[in-house]
Amino acid sequence: MTALSLIAREREGELPEVTAPRRRINLNLGLWLTVWAVVLVAISYHRSAEGASRSGYYALFWLGFLPPMLYLAARLLWPRLGPWRLTETLILAVLTWFPKFLRNPYGALYHDEYAHVAAVNDIGTSGGLYTRNPLISIIGQYPGLHVLTWALQQLTGLSVWSAGELLTGVTHLVGVVAVFVIGRTLFGSERAGGVMAFVYFANPNALYFDNQFAYESVGIVLLLGCIALTILATAATGRATRALLTVTACLTAAGCIMTHHLSTLFLFVLVSLITATVLVAGRANVAPWVAVWCSTVLFSALWLSSAARATVSYLSPYAWPAIQQLFHSAAGSGKSRQLFTGSVSPTYERIASYIVPLILAGLTAYAALTYWRVKAQWRQYPVHVGLAIFGLLYFPAAVFTFSARGAEGAHRSWGFSYLGIALITAAVVCHPSRPALHRANPAFRLPPRVAGAARKTGMLLVVMTIVVGNVAAGLNDAYRFPGPYQYGSETRSMTPELISLAKEFRSHEGRAKVVTDRFTSLALALYGDAFTASPSASFPAWNLLTSAKNPSRELAFQLTNSNYHYLIIDSRMATLLPLVGIYFQRNEPFYGSSSVPFPAAALDRLNTVPWASKVMQTDHYSVYRLHLEVLPSP
Amino acid sequence: MTETTTERGLSAPRWLVVLGALGLSLVAVAFSYGGLPGWLAVVPAGYLAFAAPGVIAGLSVGPHLRGVALLLMTVALSLVTVVLAGVLLDLLSIRVTGRAIALMDLGLQLVIVAGVAGWKLRVAAPGYWAEPIDLTIGHRFTGIAGWWPRGVIAGLSVLVLIGSVVIAVRGQHRQPGVTFSTLQIGKGDPALTGELAMHPLQRANVTLELDTQADVRTAEVSATVDSVAGPVVELHSLSTGQLVGTAQITAPARVGRFQVVLSTPNPTYVASPQITDPATVTGPEAEQVDSAPLLQLVIWVNVT
């Protein structure tokens, strides 16, 4: 008999120590703690917006958010407190959704949110899909989120933002249900489903990043849904039910592919891994996995070769340089990235985030040791094995956080690899022999009550560390909390002045093409309907601001030929460094510079050069119309 | 997952239930014609986007799924059909509107029903569509028993509904604070300022560059400045999608209107016109009549 089948027996009431009479716990507690969390988190946001002390609003946030999370964890760790049901799953869904919702309930705030709202508006303007987006060039090629939002907006009359929030709220709930279903079906235990859902939604991206209005939020959920439906299809007994679930899983894979590129990549990796292990294990009911794998490959090939041809060129600049940087760092010839550079998060958050990978490594090692004894029976659990191998991707990804190029990719991968980590955790937590192992530890000869209390306290401390550490590892202070204006912050640089400039610009110029910095471009794209330039090494539009000379003939030709007729500058560029270290794009030559690359004199000269004339001005922004045709042609 | 037989309770033939579920999708289409507040339209639109195709598939195939498995299948299938509907519309070069998506989604639901019907015919299941379906299927989505847990679910659902109302109301009324007090039109760009460089009755050339994606077959351009009509030369369509041309106008000493009428069978989109003669134009504005057979651009010229 294997450990996993013991878990199933535990559920069925065959194991006496787990099926002792359950103490009823009042469901009201979970709901009241959720209300408590909403109120405290809202107050913490209010305090941070007023510029209160950081330690104060961080403490308020955790004082509100931790109690319900610990309550849910306690229900999972002590099964005698009652069975994990759909109610707890819903509470978990609400808990892991509302902090982001409260962060910006009225409109776009995160960088990608501006791009996606503009992409939805573009469907209305053009009447079609695949419009090129100025902020994230590729998102037009993945229109899943935009079609869904546009349909909801049109059918309800809500604003685009409200429709988007409704959509991301529902998909978040579906994501929680999907992970719960995966755990419940694989282990045959609702408690295991709860553990998987809890651990997965404690991942660093779960609370904020994966709840933003962006294609990733829906793409991940479709990936989770596809895996859950395939697992259900494998377990189904009726022919019609299996066929329905398999077809739905295949269609969900197609939906994922039409929605998000990284989700597609990870779906392919995950489905390939599981299909391979299922085939090698020679289990029955392999047809659903083979069907889903074939659909994933077929739809991916079709989509990437027709609608989303730019995907490879969009993603490839991140992969190879990240590996190169890591090698250089390891060889001592390169500078590695420092974690939490410039971070203002409290020390306890940072320490917790460093500890989390160690805890997870310990859990993984414990699971490996525990199940190594029954390794010969792995063929009975090929899906578990495939998912666990997928979860191991978390550890190499953690190494990539030390690479400037690879850090972003590593962060994003956690939203996927944590599914495997959740499975490993469920296998450890729900292992029926675990309490016996703890009791057998001879190092501590404490009275049973004291030992039990110590063990429970230790477990809750571990849960608390994982929750706090992962939230800290997810996004920085400016993304998590509102606050006063900060130059170079995507979330705190949107001012009424900038919005009014963008709207006024639109009223004069319509959909004009503009050269401007990363932060001004957010407002210009959304409120100004402008198409903003994406400077690069081959299109160095930043030279308009850095060089005392006239722009090169090549650059002038590029700008004129591409109809970039306007330049908008923020005078604070001359005095302040951007919070995120970027003025335009990550590949700019002054990325991470410690000195301001745009002296005031360089900006002031725009008032006298013949190839630019100022047409609008506010307190901080100046709009220039470019007359680059006066420069000689190349 | 549990295979179940038909439970006791209010029941109706399968064909009628499926027809009813299909009909509910039409409510969202009907509501899209407006006249109802957004929060009320959320319910049928939510049914269409998050439930309808999954419900149709579940009812057509049979009452085999229950609980969260049914919930998951329903929402996943419904989300995907909406996306598919949008992609198909674009593929067929049909304008992607909410109503078009809803109708295409309804079409996909019919395809699901047709697929199941074909399959049932193949396996020779006589009387399949006349089988009674239990109508008290609400609890099958939650898979929970007892009034108290159901009450919690219902309470949470109400909260979600209230939340969506709040989002809708606040989202529509809360606008970003826009203050124009700091905004000033700078001097120096004649295309945006109110500077006049023309004297009354002076003839001037206005060069038009219209960045357009419209399929312009013929272009008729006429200029009227107040009541004085001026001759206008033709527009040329470039391969880049731009229209260029030169208009000669004679400026009277008052404010006038300069009108460009483009005749096109498919007026899809016209960007803001760029009028490059700096001497003549102040604050150009383009008005676009999108649904009319003629695409009409009205460019205002302030002449003093």
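Residues numbered from 1 in each chain as written. Chains lettered and ligands numbered in written order. Predicted model: local features only at pLDDT ≥ 70, side-chain atom pairs only at ≥ 80, totals over all residues. Heavy atoms only, no water.

1. Some remarks on helix α10 (residues 215-235) of chain A
Helix length check: α10 of chain A (21 residues) gives 30 Å between terminal C-alpha atoms against 30 Å at 1.5 Å per residue, within 8%. In terms of residue burial, α10 of chain A counts as a mostly covered element, since 20 of its 21 residues are buried. (Helix = DSSP H or I, 4+ residues; strand = E, 2+ residues; numbered from the N terminus. Expected span 1.5 Å × (residues − 1). Buried < 20%, exposed > 50% of the residue type's maximum accessible area, 1.4 Å probe, protein only.)

2. Overview of a nonpolar patch on the surface
A surface patch of nonpolar side chains, amounting to about 390 Å² of accessible area, comprises W32, V35, V39 and I43 of chain A. Take V39 of chain A: it is sitting in helix α2 (residues 27-49). (Patch = residues over 30% accessible without salt bridge, like charges linked within 9 Å, V, L, I, M, F, W, Y side chains within 5 Å. Areas by Shrake-Rupley, 256 points an atom, 1.4 Å probe, with all protein chains shown as cover. Salt bridge = Lys/Arg side-chain N within 4 Å of Asp/Glu carboxyl O.)

3. Some thoughts on the pairing of strand β4 (residues 612-617) of chain A
Residues and elements named next belong to chain A. With respect to burial, β4 is a largely interior element, five of its six residues being buried. The pairing of β4 with strand β5 (residues 621-626) spans five bridges and is antiparallel. Among the inter-strand pairings, M616 is bridged to a residue of β5, identified as V623. As consecutive antiparallel partners, β4 and β5 are separated by three residues. (Pairing = 2+ DSSP bridges.)

4. Things to note about the confidence of the model for chain A
As a general rule, the predicted coordinates of low-pLDDT regions are not to be interpreted in detail. Residue and element names in this part refer to chain A. In the predicted model, chain A carries a mean pLDDT of 85, and the fraction of residues at 70 or more is 87%. Counted against residues more than four places away or in other chains, residues 6-25, with its pLDDT under 50, gives 41 contacts. The model gives residues 435-441 a pLDDT under 50, and that stretch makes four contacts with residues more than four places away or in other chains. (pLDDT = per-residue confidence, 0-100. Contact = heavy atoms within 4.5 Å.)

5. Describing the packing of helix α11 (residues 239-257) of chain A against helix α13 (residues 287-306) of chain A
All names here are of chain A. Relative orientation of the contacting elements α11 and α13 amounts to 25 degrees, with a least axis distance of 9 Å. The angle between α11 and α13 places the two elements in the roughly parallel class. For the crossing formed where α11 meets α13, the hand is right-handed. On α13, the residues touching R242, T246, A249, C250, A253, A254 and I257 of α11 are P288, A291, V292, S295, T296, F299, S300 and W303. Looking at side-chain class alone, the contact of α11 with α13 contains ten nonpolar, four polar and one charged residues. (Axes fitted to C-alpha atoms, helices over the stretch in contact; angles between N-to-C directions. Parallel < 35°, antiparallel > 145°, perpendicular 65-115°, else oblique. Left-handed = near helix turned anticlockwise from the far one by under 90°. Nonpolar A, V, L, I, M, F, W, Y, C, P; charged D, E, K, R; others polar.)

6. Focus on the pattern of salt bridges
Two side chains with opposite charge may pair up if their charged atoms get near one another. Residues and elements named next belong to chain A. Counted under the stated rule, the structure contains 13 salt bridges over all chains. A salt bridge links E50 to R47; the nearest nitrogen and oxygen atoms lie 3.9 Å apart. Assessed through its relative accessible area of 39%, R47 is described here as partly exposed. Ionic pairing is found between R518 and E490, a salt bridge with its closest N-O pair at 2.6 Å. Note that R518 is positioned in helix α23 (residues 518-526) and E490 in the loop between α21 (477-480) and α22 (496-509), a separation of 28 residues in sequence. Across the pair, E490 and R518 agree in class, each one buried. The network of salt bridges with shared partners includes D112, E216 and R412.

7. Considering the packing of aromatic side chains
Residues and elements named next belong to chain A. The final tally for this structure, using the stated rule, is 25 aromatic pairs over all chains. Taking 4.6 Å as the distance between ring centres and 70 degrees as the angle between the ring planes, the aromatic pair formed by Y110 and Y479 counts as edge-to-face. Residue Y110 is found in the loop between α5 (98-103) and α6 (111-126), and its partner Y479 is found in helix α21; the two are separated by 369 residues along the sequence. With relative accessibility at 12%, the residue Y479 sits in the buried group. Here the aromatic cluster, defined as three or more aromatic residues joined through ring pairs, consists of Y45, Y57, Y58, F61, W62, F65 and F481. Above the face of the Y110 ring, K100 is positioned so that its terminal group lies 4.7 Å from the ring centre. Seen from the ring of Y564, K513 lies directly overhead, with NZ or CZ sitting 4.9 Å from the centre. (Phe/Tyr/Trp six-rings, centres within 6.5 Å; stacked < 30°, edge-to-face > 60°. Lys NZ or Arg CZ within 6 Å of the ring centre and 35° of its normal.)

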